[in-house]
Amino acid sequence: MMASIGEFDPLNNIVPATKIEVTVSCSLLKTCPLLNTLHSEVLLWPSFNSVSFNAVVVLYVQGIGTKEWMEFGRTEVIDNTLNPNFVRKFFLDFFFEEKQNLRFDVYNVDSRSSNISKFDFLGQTFCTLGEIIGSTGGRLEKSLSNEDGTFTICHKTEVVKNTLNPVWQPFTIAVRALCNGDYDRTVKVDVYDWDRDGSHDFIGEFTTSYRDFSRGQNQFNVYEVLNAKKKGKKKKYINSGTVSTFLISACQTQLNFTVAIDFTASNGNPSQPTSLHYMNPYQMNAYAMALKAVGEIIQDYDSDKLFPAYGFGAKLPPDGKISHAFPLSGDNENPNCVGIEGVLEAYFQGLRTVQLYGPTNFSPVINQVARSAQDVTDGSQYFVLLMITDGVISDMVQTKEAVVNAAALPMSIIIVGVGPAKFDAMEELDGDEVRVSSRGRFAERDIVQFVPFRDYMDQSGNQVLSMARLAKDVLAEIPEQLLGFMKTRGIEPRPAYLTPITVVGQHLSTP
């Protein structure tokens, strides 16, 4: 998958977007149409060699806040293969602040009609565009819903014709291994002789690791392209040529997402329907909605899906000590929760365990995240703190000091206000017009985004639409804030997780 930055035309008021080029392939597809209706463990498959199989993939996109799917495009039809590698690509506009749901349907085309209803449906798979971008190696593998095979979304080089010594244009691969320290993760590279009908001839393959790729900075790594079948048949076989890679030094940035939730008494008794923390078994409260809206988008850019989650303003058992940065996990040594669902579970468990109290102090949690951020200022990590609150900040002086200090670190703060309270003081932290200052010092960057959730609530009660509106607005400034930090530190920013690699083939043999 290759990404390039789209151009922004202020005169035409076009929203700037990253262009994502998506390529798809399938493997081990099964052609039995009975899969659509039968779920028996015993099925007699027809002989694959006797079946006329013509594959096509249809991509659907989903509108924000709706459940309606719209066809975006189709691949070409590839004849007579159960392992199609499609050439036609999908070009999508990527917006960091939106959850962009995708659906891929796979069909066997047994008609000349363009009407999908006349095709044999084989299966479908779902993902988000963020998942594709954040996937290891730029390659996202998904199983089809009816277990009809596997579906791979990945990046490929462009085709270089009529030469056994091709030099491909530099392309980018998504490498999350750098973010979570797994430098030895295997990277497999296949080399093909391209055919227009999609039946590409396999030349050979080689494996490497990100550690080996990184050794190629400012010099070439050389790999032998090997074909196991040829090696088994030819005694004098050495290789099918070589491929050299050259890594361009780049900045890969891992996002670290932290949550902080207001547990002060002004929220009301969680067991009462009037409480902002009310645990309604039929629908989410505003805290849960805000957490899920922002978290489900940001989690695609956090490789380990472990999110520190804190509460503030509560009395803790057993001695009733007031805390303004207690881990929702209940473990002082490990504040992490597994996934956004894990954070939600810890939040609800916290409501059952602690006593809502006060005051509403922000600075302890901000300083907690800042201590982590100050240890990593090389651009490899960026920290996003989501704070959800219902009231006025009690420690405004200390909070402004904490924000000014955090502005010098790789860090952004999102504050979502829930409930009917007036949040005038919060606007002072959101330095869109006047930069936050403390003791005569101004924050070097605007890192705070504040919004009252009530401004995004859909009047018809559509929670999905409300959450989408909220996430789109509060996350829109994160990319600019991240790039702002990079610029102040002289770090050359590149799209998150993308590493440019130049690939050169030499003396490749024909299949």
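Heads up: the structure comes first, above all this text.
Once a new chain begins, its residue numbering starts again from 1 and follows that chain's sequence as written. Thresholds applied to this predicted model are a pLDDT of at least 70 for local features of residues and 80 or more for the giving and counting of side-chain atom pairs; totals over whole chains, interfaces and linings are not thresholded and use all residues. Computation of side-chain values: all heavy atoms of the structure, hydrogens and water removed.

(A) Broad picture of the sheet that holds strand β18 (residues 314–316). If DSSP finds at least two bridges between two strands, the strands pair. Labels follow the DSSP assignment, with helices taken as runs of H or I lasting at least four residues and strands as runs of E lasting at least two, numbered in each case from the N terminus. The three strands lie next to each other as β19-β18-β22, forming an open sheet whose pairing is antiparallel. Two strands bound the open sheet, and with one partner strand each, they are β19 (321–323) and β22 (355–356). Pairing geometry for β18 and β22, over two bridges, is antiparallel. By the bridge assignment, Lys315 is partnered in β22 with Gln355.

(B) Spatial organisation of the pattern of salt bridges. In what follows, salt bridge is the name for a side-chain nitrogen of Lys or Arg lying within 4 Å of a carboxyl oxygen of Asp or Glu. Under the counting rule described, the total for this entry stands at ten salt bridges. Among the salt bridges present, the one from Glu296 reaches Lys99, with a minimum N-O distance of 3.1 Å. Residue Glu296 is found in helix α5 (residues 286–298), and its partner Lys99 is found in the loop between β6 (90–94) and β7 (101–108); the two are separated by 197 residues along the sequence. Sharing partners across several salt bridges, the network here consists of Lys99, Lys292, Glu296 and Glu341.

(C) Examining the packing of aromatic side chains more closely. Planes of paired rings set the category: under 30 degrees apart is stacked, over 60 is edge-to-face and the rest tilted, where pairs are Phe, Tyr or Trp rings (Trp by its six-membered ring) whose centres lie within 6.5 Å. Counting across every chain of the model gives eleven aromatic pairs. Their ring planes at 70° and their centres at 6.0 Å tell us that Tyr107 and Phe119 sit as a pair that is edge-to-face. Placement of Tyr107 in strand β7 and of Phe119 in the loop between β7 and β8 (120–128) is noted, with a sequence separation of twelve residues between them. Any residue under 20% of the maximum accessible area for its type is buried, any over 50% is exposed, and the rest in between are partly exposed; the area is computed with a 1.4 Å probe on protein chains only. The exposure class assigned to Tyr107 is buried, which follows from its relative accessible area of 8%. Given a relative accessible area of 10%, Phe119 falls into the buried group. Between the aromatic rings of Phe263 and Phe326, the centroid separation amounts to 5.4 Å while the plane-to-plane angle is 70°, which identifies the pairing as edge-to-face. Of this pair, Phe263 sits in the loop between β16 (254–262) and α5 while Phe326 is found in strand β20 (residues 326–327), placing the two residues 63 residues apart along the sequence. In terms of burial, Phe263 and Phe326 fall into one category: buried. Clustering of aromatic rings is evident, with ring pairs tying together Phe263, Tyr287, Phe326, Tyr347 and Phe348. Our definition puts a charge over a ring when NZ of Lys or CZ of Arg is within 6 Å of the ring centre and also within 35 degrees of the ring normal. Positioned above the aromatic ring of Tyr60 is the side chain of Arg103, whose terminal nitrogen or guanidinium carbon lies 4.0 Å from the ring centre. The ring of Tyr357 is capped by Lys315, whose NZ or CZ atom sits 4.1 Å from the centre of that ring.

(D) Quick peek at unusual backbone geometry. Across the junction of Pro317 and Pro318, the peptide omega takes the value 5°, indicating a cis bond. With respect to the helices and strands, Pro318 occurs in the loop between β18 and β19. The omega torsion of the bond from Gly358 to Pro359 falls at 0°, within 30 degrees of zero and hence cis. Positionally, Pro359 belongs in the loop between β22 and α7 (363–373). A positive phi angle, close to 55°, is found at Lys305, a residue other than glycine. Residues other than glycine seldom take positive phi values, yet Arg439 does so here, at roughly 55°.

(E) Seen up close, the packing of α5 against helix α10 (residues 463–475). With their axes 9 Å apart at the nearest point, α5 and α10 run at an angle of 60° to one another. Taken together, the axes of α5 and α10 are oblique relative to one another. Where α5 crosses over α10, the handedness of that crossing is right-handed. In this structure, α5 uses Met289, Ala290, Lys292, Ala293, Val294, Ile297 and Ile298 to contact α10, whose residues at the interface are Gln463, Ser466, Met467, Leu470, Ala471, Val474 and Leu475. Lines fitted to the C-alpha atoms define the axes, with helices restricted to the stretch that makes contact. Angles between their N-to-C directions range from 0 to 180 degrees. Angles below 35 degrees are treated as roughly parallel, those above 145 as roughly antiparallel, those between 65 and 115 as roughly perpendicular, and all remaining angles as oblique. In this scheme, a crossing is called left-handed if the near helix is turned counterclockwise away from the far one by less than a right angle; it is called right-handed if the turn is clockwise. In what follows, a contact means two residues having at least one pair of non-hydrogen atoms within 4.5 Å.

(F) Spatial organisation of helix α6 (residues 339–353). Multiplying 1.5 Å by the residue count of a helix minus one yields the expected span of that helix. Between the first and last C-alpha of α6 there are 21 Å, a value that for 15 residues agrees with the 21 Å anticipated at 1.5 Å per step. Of the residues making up α6, those classed as buried are Gly339, Ile340, Gly342, Val343, Leu344, Ala346, Tyr347, Gly350 and Leu351. Where α6 is buried, its residues contact β16, α5, β17 (306–312), β21 (336–338) and β22.

(G) Structural context of α5. Across its 13 residues, α5 extends 18 Å between first and last C-alpha, which sits within 8% of the 18 Å expected from 1.5 Å per residue. Buried residues dominate α5, accounting for twelve of its 13 residues. All of the buried residues along α5 are Tyr287, Ala288, Met289, Ala290, Leu291, Lys292, Ala293, Val294, Gly295, Glu296, Ile297 and Ile298. Think of a polar contact as two N or O atoms within 3.5 Å of one another; within protein, one of them needs to be a possible hydrogen donor and the other a possible acceptor, and neighboring residues in sequence only count if both atoms come from side chains. Its side-chain oxygen at 3.0 Å from the backbone nitrogen of Tyr287, Asn285 defines the N-terminal cap of α5.

By themselves, these figures tell us nothing about what the structure is for.
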